[in-house]
Structure formats: C-alpha cells, structure tokens
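# Structural overview for review
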Amino acid sequence: MSSTKNPLLEAKGITKYFGTITALENVNLKVHAGECLGVVGDNGAGKSTLMKVLSGLYKPSAGSLFFQGKEEILESPRDSQNLGLEMVYQDLALAGNLPIGENIFLGREPTKNLGFIKLLDFNKIKELTNAHLDKLKINVKSADQKVEELSGGQRQAVAIARSTAFNAKVVIMDEPTAALAIKEVGKVLDLINSLKKTGVGVIVISHRMDDIFTVCDRVMALFQGTNFAEASLSNTSRDEVIGWIMGKK
Amino acid sequence: MEDKDKKIVSLHLKLMPYLEKYGILLLLVIMILVMHILQPDVFLSWRNVTNVFKQISWQSMLALGVFMVIVTAGIDLSVGSIMMLSLMILAVVAKAGAPWYIVVITPLIAGFLCGLFNGLGITLLRMPHPFIMTLGTLYIFRGTGNLISGGTPISGFTDEVRYLGHGRIDLQWLGLEKSQYLPVSLVLIAIVYIIFWIFLNHSKTGKWIYAIGGNPNAARASGINVNKILVIVYSLCGFLSGIGALILAGRTDSGYPNAGLQSELDAIAACIIGGASFFGGRGTVLGVFAGVMIMGILRNGLNLMDVSSFWQQVLIGSIIVLAVYIDVLRRDLGTRK
C-alpha cells in the first residue's frame, strides 16, 4: 500500500467542452489507496463526464491526470485499465448474451496456443472466475450462467467483480446501487467496503446519501461542472451535502 | 398432483438448453423424414442428396457471411451484388486469358475489398445503420458488375477455375459406383463452416463479435476497438461472397448479370430460420447451416413433388415467421425481462 499522503489518482484542472457546452471546468479530484471518495451533484453537474474522463473514454479538453504521482495521458479505456484504473458503469456495460466468466474477462481473455493459433482457454476463464467470485464472496449458480439471467444485484456484483479481476488500484463506480432492490444494496455496499480493505481506492458517484454515508471517507460535490465543496465525512452532515447538491453552502 | 407438475416443469428447464441449442436440428431431421416418406425412392438417393448440397453450396457461403454481420446486430444487403461483381470480375479476367491461379484468386480479393468498402463506409462515414450503407452498395456493386461486363453473360471457364463448384471426388476406391461421387463443393462447405465455427467460438475476435452484438457499449468499455471488429466482419462477409462467386462460376460456367439476384434475402432468411437474432449476439454456425439446409431441402422436396415455385415462396415465408415465433416463445420462458 502506498503512503497515505500521496494520492493514488489525482486529476488537476480538468476541463471538457462538448462543442460550445462546457461540461467540466477546472475540476480537481484525488483519491488515496484504501479510501472511498463520494462524488455528488445534481443531474448535469458533470459527474458522469468526469468519470468518463478518468476512465479514458473521453479526452479532456484541458487538465492533466496523475496516477501514482506520474502524469498519464489516456487514449482509450484500455490505457486506463492497463494502469489499474477500472470503471463500473451505470448501465453496467455487460454483454447479457455472454456468460459471467466471459464478461469478467471480456477484452482480456486468457488464451492457449494450439500450434500457431491462439484459442480461448475456457477452462482457465472458468477457474479464474470461480476463484475471483469466491474471493469477493459473490454467490452465483455457475460461472457459465448468462448475465441476462441474473438479478440486478447479481449483475452489479459481476460488474464490480469484472472491475477488480485484474489487480485494480482504483475502481470508479457510477451509481452502483441505483438499479437495485433494497436488500441487494447492502450486499453491494459490503463489497465496496471489502475492496477498500484490500487497499483499492474507490470513487463512488451516487445520489443516495445512505450509500455515501455508509462507505465513503470523503465527499466532494460538483455544481454546474465545477468543484463546489469537499469535506471528510466526519466533518459534514447529510443536510449539508444535500445543500451542496442544490448549490447552497 | 403438484409433485407431478413440478417434475414436468423441472424436466422442461433441463431440456430448454438442449432445445435452444439443437431444436433447429430437430426441425431439420423431421423435414428430412417427412420428405423421405413422401418421396421414398428419390429423396434420399445419392444423386438427390448431392444435388441438394450442390444447390445450397454458394448460398451457404452468403448465409455464413450475413450471419456474422447479424451477430453484430448489423445487416448486409449487398452480398448478392458482391457475389455478382466478383463473378463478373472473374469472368473478365478469365476471358483476358489470365492463368487459372490468378482467375481463382480474383473473386476472393474482389469480394474482400467490397466487404472492406462496406465496413469502412459504415464506420468512417458513421452511417446511422448498416442497412443504408449496404443498400447503397447493393446497387453500386451490381451496377459496376454490369459496367465491366457490358451487361452480357461471359461464359466458358477452364476446369481448374470450375473445380470448386463443379469438381467431383471419385469414391470408386470405396467400392461405390461411378455415379456415387462426392461434390467438391460439399467438402468446401464443411471446411469453411468448421473454420468459421472455430473462429467465432474459440478466438478472441469471435468472442468480441458476439459481445458487440450483445452490448456494443460493454465491448467499447472493455477496450475492444468496435469499429475495427466491424470492418473485419464486413470484410469477411465480402470474402465469403467471393467464395460464393467462385463456386457459382464452377456450377454455371458463366458470369451473368442476374447472378445472385435477391440471394441476400435468402441468406438473411436462412440465418433467421437458423435462430440468429436481429438484435445481435445470438445464433450459432450450426443453426445457420441448418437454416440453409431447411431452405434447400424445402425447395428440392417441393420441386420433386412438382409443387409450383409460387407455393415454395409462400412456404418459405411462412417458415420464417413460424421459426421466429417459436424463438419468441422460447425466449419468453428463458430470460428475465
């Protein structure tokens, strides 16, 4: 685990324009190892855009990203994945027609050589999937089950499992509990807590104060594409954070 | 009583995956049995069976190409025109007196390039749907084919050029009669289908093709270059149409302007009957093969029984609707909404 002083991931002065629209303006963010940062803000405040910049899906118009103190330029999601920066998307980004294991390893499938051709190693996918799901205490019937047959909570768990299958150092989650039944929310929050314990930095975007106040150590608010307020959880209250979302300090 | 119901339900659940995988083969077997009962002397004779395979040989190439495209939730309407253009190029090159190994390779390259053109058009020009790009090239390629040939048939190829479509593998060494030969096109179908089965199910690229059909956003977020994969898929589809052209050249010994007219619709129909989903991500190579076979056997059987080709159209259309309806019912049982 790196020192708690140096942030694992730091974004400085991130600005993003879409044509004439300014989605983000001079936004700063940092997260340490083993820490959970909550990002709140109203619809259109720029939370999702910021996350997409961090994951390499959007290129920022200005500003820079530092990972473990080194400046990095992300050209694609593959670049951020290679650094250990993983994203769990709000729409889950799972292919429902594929089994759990193949979703977890999608784009990074283990292969075996048969002469000069590379074939997918289905046994290894299954083995690694089962081991990984066990580690995260995620219960599913079988790694061969198709994702479209799973419940919302199980899908979220698979999405989180996927984000952590390759030694992730920072996991970014966009509304991880938004689509879940109440009894499934607790399981996902437990999962986030156990990720923190393994030294992973977690960024959670959420509307739900319950989520923020259960798992986060620090919370920052975006308002109209800018940094609005930030505090550690012990120095703030629900009412204050809700006020920030609406643009009141 | 309740226990009995439960048992039936659990039996259903156990059978479902097998039905989903092999149900279409069951339909094929039933069709073969029915045709055999209706035409006991002719239908399963060596001559007729090899005939069916010869008839479906080039359609099976187009269907396989279109299938890959459909798995990505796309569509390729231009395969018939790609085949015609490739055939015309082959004919022109052959007439110009090029050696056979050049003539044989031209339709494959031409088909590949046509598919590449489709793929680049869809991705670089950001067409709202592949339907539009390939509808355009359906006209462009056929028009080009007529331009280079002057709109007239060009006939007469050498035996080497005709080998894939017309060649025979003699089986007399097995003690069979001379008329009991194996068409080369049948062997070709088997080889091509096995290669593409391995490609789609056991390679990374193949898995990504299914992933793109299942959820393109998921594929993109996983770092898969979706546009690159799409270009590969459309190029391979064109390449398979080029193989179709080479087979057709062998079968007909001629490049003719109406080659492959409306065959894109047959290819799509075979995929749909074989269980491919228009929404992408679903379907198997085996299913496509069964779809092609069902259409081929239906046509052949109805011809044997002297049923008018108008009835054939009505029946094939009905089978498409029925096959998809069965699919809808099956999916209702199997998936969470």
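Treat the numbers as computed from the prediction; the structure is a model and nothing was measured.

### Quick look at the overall build of chain B
A tally of regular secondary structure across chain B gives 13 helices and four strands. Its C-alpha radius of gyration of 21 Å places chain B within 12% of the 20 Å reference for a compact globule of 337 residues. Taken over the C-alpha atoms alone, chain B extends approximately 80 × 55 × 40 Å along its principal axes. Counting only contacts in chain B whose residues sit at least 6 apart along the sequence, the fraction spanning at least 24 positions is 76%.

### Quick look at the overall build of chain A
A tally of regular secondary structure across chain A gives eight helices and twelve strands. The proportion of buried residues among the 249 residues of chain A is 43%. The contacts of chain A with a sequence gap of at least 6 include a subset with a gap of at least 24, amounting to 68%.

### Thoughts on the interface of chain A and chain B
If you look at the interface, chain A gives 22 residues, while chain B gives 20 residues. Contributing elements (two or more residues each) for the side of chain A that touches chain B: α2 (77-83) and β8 (117-120) of chain A. It is α2(A) that contributes the most residues to the side of chain A that touches chain B, three residues altogether. Looking at the side of chain A that touches chain B, its residues break down into ten nonpolar, six polar and six charged.

### Some thoughts on the sheet that holds strand β4 (residues 62-67) of chain A
All names here are of chain A. Pairing in this open sheet of four strands is antiparallel, and the strands run β2-β1-β4-β5 from one edge to the other. Two strands lie at the open edges of the sheet, namely β2 (21-31) and β5 (70-72), each paired on one side alone. When strand polarity is set aside, the average angle formed by the axes of neighbouring strands in this sheet is 30 degrees. With three bridges connecting them, β4 and β5 associate as antiparallel partners. Bridge pairing links F66 to E71 in β5.

### Regarding unusual backbone geometry
Of note, the phi angle at N167(A) is positive, near 50 degrees, even though the residue is not glycine. Mapping N167(A) onto the fold places it in the loop between α5 (152-163) and β9 (170-174). Accessibility expressed as a C-beta count within 10 Å gives 8 for N167(A), which makes it exposed. In the Ramachandran plot, D253(B) falls in the positive-phi region, its phi being about 60 degrees despite a non-glycine side chain. Relative to the helices and strands, D253(B) resides in the loop between α10 (226-252) and β4 (254-255). Among the residues examined, D253(B) registers 14 C-beta atoms within 10 Å and is labelled partly exposed.

### Some remarks on the confidence of the model for chain B
Per-residue pLDDT for chain B has a mean of 91; in total, 93% of the residues score no lower than 70. Overall fold confidence (pTM) sits at 0.87, and the ipTM for the predicted complex is 0.83.

### Here's the deal with the sheet that holds strand β10 (residues 201-205) of chain A
Residues and elements named next belong to chain A. One open sheet holds the six strands; their spatial order is β6-β9-β10-β3-β11-β12, and the pairing between them is mixed. Each edge of the open sheet carries a strand with a single partner, namely β6 (85-88) and β12 (226-232). Recorded for the sheet is a direction-independent mean angle of 20 degrees between the axes of neighbouring strands. Relative to β12, strand β11 (residues 218-223) is paired through six bridges, and the arrangement is antiparallel. The partner of F223 across the bridge, within β12, is T226. Strands in contact with helix α6 (residues 182-197) are β3 (36-40), β9 and β10; relative to β10, the strand with the most contacts, it is inclined by about 150 degrees. The strands that helix α8 (residues 238-245) touches are β3, β11 and β12; relative to β11, the one it contacts most, it runs at about 25 degrees.

### Re helix α11 (residues 263-273) of chain B
The buried fraction of α11(B) is high, at ten of eleven residues. Listed in full, the buried residues belonging to α11(B) are S263(B), E264(B), D266(B), A267(B), I268(B), A269(B), A270(B), C271(B), I272(B) and I273(B).

### Some thoughts on helix α1 (residues 47-54) of chain A
For α1(A), a buried count of seven out of eight residues is recorded, marking the element as mostly surrounded by other parts of the structure. Within α1(A), burial applies to K47(A), T49(A), L50(A), M51(A), K52(A), V53(A) and L54(A).

### Side note on the environment of V219(A)
Residue and element names in this part refer to chain A. Tracing the chain through its elements places V219 in strand β11. A count of 25 C-beta atoms within 10 Å places V219 in the buried class. Beyond its immediate chain neighbours, meaning those up to four positions away, V219 contacts G38, V40, I212, A231, L233, T236 and V241.

### Focus: the nonpolar core
With 155 residues, the main nonpolar core has V66(B) and C271(B) as its most contacted residues. Among the elements that line this core, the one with the most residues is α10(B), at 15 residues.

### Topic: the pairing of β8(A)
All names here are of chain A. Note that strand β7 (residues 111-114) and β8 share four bridges and pair antiparallel. Looking at β8, one finds that T111 is bridged to L120. If you look at the hairpin formed by β7 and β8, you'll find two residues sitting between the two strands, and G115 has a positive phi there, around 65 degrees.

### Some details on the packing of helix α3 (residues 79-95) of chain B against α10(B)
Residue and element names in this part refer to chain B. The interhelical angle for the contact between α3 and α10, taken along N-to-C directions, is 55 degrees, at an axis separation of 8 Å. As far as their axial angle goes, α10 and α3 are oblique. Read as a crossing pair, α3 and α10 show a hand that is right-handed. Note on element contacts: α10 touches α3 through C237, G238, S241, G242, G244, A245, L246, L248 and A249, opposite V79, I82, M83, S86, L87 and L90. Of the residues in the contact of α3 with α10, the class split is ten nonpolar, five polar and no charged.

### Some remarks on the environment of H202(B)
Tracing the backbone through its elements, the reader meets H202(B) in helix α7 (residues 184-202). Each residue touching H202(B), except ones within four places of it in the same chain, is listed here: L119(A) and L120(A).

How each quantity is defined
Residues numbered from 1 in each chain as written. Chains lettered and ligands numbered in written order. Predicted model: local features only at pLDDT ≥ 70, side-chain atom pairs only at ≥ 80, totals over all residues. Helix = DSSP H or I, 4+ residues; strand = E, 2+ residues; numbered from the N terminus. Rg over C-alpha atoms; globule rule 2.2 N^0.38 Å. Contact = placed C-beta atoms within 7 Å. Buried ≥ 20, exposed ≤ 12 C-beta atoms within 10 Å, placed from the backbone. Nonpolar A, V, L, I, M, F, W, Y, C, P; charged D, E, K, R; others polar. Pairing = 2+ DSSP bridges. Axes fitted to C-alpha atoms, helices over the stretch in contact; angles between N-to-C directions. pLDDT = per-residue confidence, 0-100. Core = buried A, V, L, I, M, F, W, Y, C linked by C-beta atoms within 7 Å. Parallel < 35°, antiparallel > 145°, perpendicular 65-115°, else oblique. Left-handed = near helix turned anticlockwise from the far one by under 90°.

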